[in-house]
Amino acid sequence: MTEPSGETAPEAVPPADRPGPAAERDAEDKPGTAGRPGADDGAATPEEPGTTEHPGAAEAPDENPDPAGTPGADGEPESARKPDPAEEPETAEEPDTDEPVADAEARAGADAEPVAGFGDGSEAGTDTAAGTGDAGDTDTAAAPSDAQAELAAQRELRAKIAARKAEKGGPLASGAKLSGTAADLLAAVRAVEGGTASGSTLYEAPEPAPRRPDSEAAPAMTVRPPAPQRPAAPAPGTTAAVREVLAEGGAPEALAGPVAAALGEGAAAVLREDPWQLLAVAGVRPEQADGFARALLGPACGPGDPRRTVALTVWLLERAAVQGHTALEIQAVRAGLAGHAVPDPDEAVETAVSEAAVLVFQEEETAQEPEDDEGAGDTAEEAAAPGAEQEPAAPVLLGLDRYALAEESLADGLARLVRTATADTWEGGELERAAGAHGLVLHTGGEASRAEPVALAAAARERGLRTLVAVHTDSGRRDAGADAVTVAALLTGAAGPGRDEDGAFALDLLVVLDAPQLDVETGAMLVESLPDGCRLVLSGDPEVLGAPGAGRVFADVLAARVCPRIASRVPDPGPLGELVSGIGVGELNQVEAPGKEIVIVPVRDAGEAVHRAVQLVADSVPRAIGVPSEQTQVVTVGHGGSAGTRALNAALKQRLNPGPGRFGGYDPGDRVAYAPAPGRTVTGTVLSADAEGLRLRCGDDEVLVPRERVEPALRHGWALTAHQAAGARWPAVVVVLPGDAAGGLSRPWVYTAFGRAERHLSVVHGVDQALARAVAEGVAPERTTRLRPLLEGLLAPEEQ
């Protein structure tokens, strides 16, 4: 399996009254298991790996665990078990096999689960509560609101469509007899697909009003924003009105708050008019929304209902964003719609575009200059010759306005920094000289290379420049200097230099470490907050897992080649550095570890993997390595399964901090992972609880988790996924690889997981040769983004 969607947000504790079997929430389909003979089940210490010569090697004493070489070096065949057909994907974002993003890795968002208890595709409403009043009256003012005006326009459009269908006596042909803005947009889409026009022409005409009431506020992101405020909770009247509509449709009342927050004021009226807007809530599946719509609308709705097809198109793109994409090829969206029984996917896409629910793009190809002048004329003549093969046109993409705006804002902001920086001559190393001469510089390297941009920041301060270092996690601040801050704290105003009246930071140089963890929306906010003339240095390891949110900012800027790229020559030291460096180039090398830096513990199945992981954290690593349990982190492939984070955290809590979980499932002393925002994970320890919520110790700070946020945003944190652990390091790390985790392995995953260890790495190994194959061949799926061509169009002619 691939790492499950939304894993960066801690898992919600399932409520006791939630219907549905536990297997539907927790189980994951995994392709198979692999066993390893010869492991001593009762021992409590790290073992040396099995080899073909010693398939039953005994484990070493706790006080002297044997170092190991290559994990999975033996040649034993991988066995498989049949997946349980009752198992369901653990989160709502887990891709289905019939969708265009089936093989993409999930990155960001809350760890939402499929909403249980309604709308499974059968007729809904058999147990609905009586609710005949107008749910929209509770919060609607006398004057028409934006939502009401928008709904009236939608009703008018649907009436016209119905009239045209009646005139033809049958289904309306795709795009037939459209007029006005809808016809102009449809013509533009077809021109883009036919190659006669660029996607940028779509922006020459005024855009229709956004489909969602709150979309009009999005363009404010193009201005340097003030510190973002947490959205206000929906009014009680709005939530009560939504609750009535949900009851009529047989949907769980627990969705009232999320629906009201997603759809805003007038949410009840919006939902009653367009029940498929329920898909705007994370965790709701199309079949559930279909059942809800049938209960409200009866036979008036069908699979080709324009409201359904538009909502499904938006849902597919939102789902792709959770997988890391900022856009999807139009054919992939059509295929996804066909997989959800939409009778005419082409017409569905055209309708979504005409209603401005989605945007269409086709980036213009940037001309590449020849490597040298010699032979350039021949190349041009060959290209113009009849029958010469032409380069394929850029694909037509569909995207949501929020990600389109973020990518364009980020590209414009980076171009502004490049053009407004004043070149200066700085003495020093290669990185210092590049930073002095350019407004944007990229720096790549492993963990040891982090010292170089930190030294650059110190030298800039000595020159009198206002300088700041920003990192991804609190633990990343340890080696970044006392003044380093997290990106999240900088953007919220909790740390950093503050903002001027224009919303810009008082900075001359910003150094961002862990830059691969920047998603496109965070990157846009950060760059738009920098003043003209400020220098920006993005530093990170391009081999690690990408950002938890949509986009791949660091990789796209690297690929665009629009600024200096400085590759560090500082190697990561010791056996751990040698092992991880080899993984980065696709080699799982045998490494000598005389100081017990690397230990392999072979296991036969997932149950044994959990048992051995607990032994390592609680006994073996503290005694033999000298690292206490509270400084040892367990990393595994996913949340579900018999050796996922849920199972491991339950076993580790029972051993390390047993208790009844009297504070919403947590006790003082529990290690937790908290998601203050989608895509961002903070680790900490439970201190206490009171009427306001749960109090945590996260690094040097005390954090209050409000009572209503404990369930959706908190999970135990002795065990994390690699995506959650990215950007942080611990003295000791135990990586758990049970046999059924083989499908979730890739080279970036292994590189990231193994690289979290500073002094000691134990690998609980049950995947046999799958680990070596993943390192050699397991390249993570590419994300579909637009930032690279946007940057090339803005800067390539000047910076090549």
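Starting from 1, residues in each chain are numbered consecutively following that chain's sequence as written. Residue-level local features of this predicted model are given only where pLDDT is at least 70; pairs of side-chain atoms are given and counted only at 80 or more, and the full residue set underlies all totals for whole chains, interfaces and linings. To get the side-chain values, all heavy atoms of the structure are used, and hydrogens and water are removed first.

Caption draft 1: Examining the overall build of the chain more closely. For the chain, the helix and strand inventory stands at 25 helices and 19 strands. Using a 1.4 Å probe on the protein chains alone, a residue whose accessible area is under 20% of its type maximum counts as buried, one over 50% counts as exposed, and one in between counts as partly exposed. Evaluated residue by residue, the chain yields a buried proportion of 54% over its 800 residues. By definition, residues are in contact when any of their heavy atoms lie within 4.5 Å. Taking the intrachain contacts of the chain between residues at least 6 apart in sequence as the baseline, contacts between residues at least 24 apart amount to 75%. Accessibility throughout is a Shrake-Rupley quantity obtained with a 1.4 Å probe, and a residue counts as covered only by protein chains that appear here. With an accessible surface of roughly 32,800 Å², the chain has 51% of that area assigned to carbon and sulfur atoms. Working definition: helices are DSSP H or I runs of at least four residues, strands are E runs of at least two. Numbering for both runs from the N terminus.

Caption draft 2: Focus on the sheet that holds strand 7 (residues 509–512). Strand order in the open sheet made by the 6 strands is 6-5-7-8-4-9, with parallel pairing throughout. For this open sheet the edge positions go to strand 6 (485–486) and strand 9 (565–567), each flanked by a neighbour on one side alone. By this definition, two strands are paired if DSSP reports at least two bridges between them. Bridging between strand 5 (residues 467–471) and strand 7 involves 4 bridges; their strand directions are parallel. Paired with L468 across the bridge in strand 7 is L510.

Caption draft 3: Representation of helix 7 (residues 286–297). Here the expected span of a helix is defined as 1.5 Å times the quantity of residues minus one. With 12 residues, helix 7 should cover 16 Å at 1.5 Å per step; its first-to-last C-alpha distance of 16 Å lies within 8% of that length. Regarding helix 7, the residues found buried are P286, Q288, A289, D290, G291, F292 and A293. On the buried face of helix 7, the contacting elements are helix 4 (236–248), helix 6 (267–273) and helix 8 (306–322). After helix 7 finishes, the residue G298 shows a positive phi value of roughly 65°.

Caption draft 4: Broad picture of the sheet that holds strand 11 (residues 632–636). Pairing within the open sheet is parallel, and its 5 strands lie in the order 10-19-18-11-17. Looking at strand neighbours, the two that pair on one side only are strand 10 (598–602) and strand 17 (719–721), the edges of this open sheet. On average, adjacent strands in this sheet sit at an angle of 25° to one another, irrespective of strand direction. Relative to strand 19 (residues 757–765), strand 10 is paired through 5 bridges, and the arrangement is parallel. Opposite V601, over in strand 19, you have V764 as the bridge partner. An axis is simply a line fitted to the C-alpha atoms; with a helix, the fit covers only the stretch in contact. Between two such axes, the angle follows the N-to-C directions and lies from 0 to 180 degrees.

Caption draft 5: Representation of the nonpolar core in the model. Take the buried Ala, Val, Leu, Ile, Met, Phe, Trp, Tyr and Cys residues and link them wherever side-chain atoms come within 4.5 Å; each set so joined is a nonpolar core. Counting 90 residues, the largest nonpolar core has L510 and L536 as its most contacted members. A total of 9 residues in this core trace back to one element, the largest contributor, which is helix 8. Leaving out residues up to four positions away in the same chain, L536 has contacts with L414, L417, G439, L440, V441, L510, V512, V527 and L530.

Caption draft 6: Summary view of the packing of helix 4 against helix 7. Where helix 4 meets helix 7, the axes come as close as 8 Å, and the angle between the chain directions of the two elements is 90°. It follows that helix 4 is roughly perpendicular to helix 7 by the angle criterion. Here V245, L246 and E248 of helix 4 come into contact with helix 7, specifically with F292, A295 and L296. Under this grouping Gly is polar, as are all residues other than the nonpolar Ala, Val, Leu, Ile, Met, Phe, Trp, Tyr, Cys and Pro and the charged Asp, Glu, Lys and Arg. Across the contact of helix 4 with helix 7, the residue classes break down as 5 nonpolar, no polar and 1 charged. An angle below 35 degrees is read as roughly parallel, one above 145 as roughly antiparallel, one from 65 to 115 as roughly perpendicular, and any other as oblique.

Caption draft 7: Spotlight on helix 24 (residues 770–777). Buried within helix 24 we find A770, L771, A774 and V775. All buried residues of helix 24 lie within an arc of 135° about the axis, which places them on one face of the element. The inward-facing, buried residues of helix 24 contact helix 18 (574–584), strand 18 (730–737), helix 23 (747–754) and strand 19. For this quantity, the arc is that covered by the directions from the helix axis to the C-beta atoms.

Caption draft 8: Expanded view of the pairing of strand 19. Burial analysis of strand 19 places 7 of its 9 residues in the buried class, which makes it a mostly covered element. Pairing geometry for strand 18 and strand 19, over 7 bridges, is parallel. Counted as the bridge partner of V736 is V764 from strand 19. Looking down the strands as they point away from you, a crossover is right-handed if its path from the first strand over the helix to the second goes clockwise. A crossover connection joins strand 18 to the parallel strand 19 through helix 23; in handedness this β-α-β unit is right-handed.

Caption draft 9: Quick peek at the confidence of the model for the chain. A residue's pLDDT is the predictor's confidence in that residue, given on a scale from 0 to 100. Across the chain, the average pLDDT comes to 76, with 66% of residues at or above 70. Low pLDDT, under 50, characterises residues 366–384; the stretch is placed with 8 contacts to residues that sit more than four places away or in other chains.

Caption draft 10: Spotlight on the environment of I583. Relative to the elements of secondary structure, I583 occurs in helix 18. For I583, a relative accessible area of 0% corresponds to the buried category. Separated by 165 residues in the primary sequence, I583 and P748 have C-alpha atoms spaced 8.7 Å apart. In contact with I583, not counting residues within four places along its chain, are L588, R747, V750, Y751, F754 and V775.

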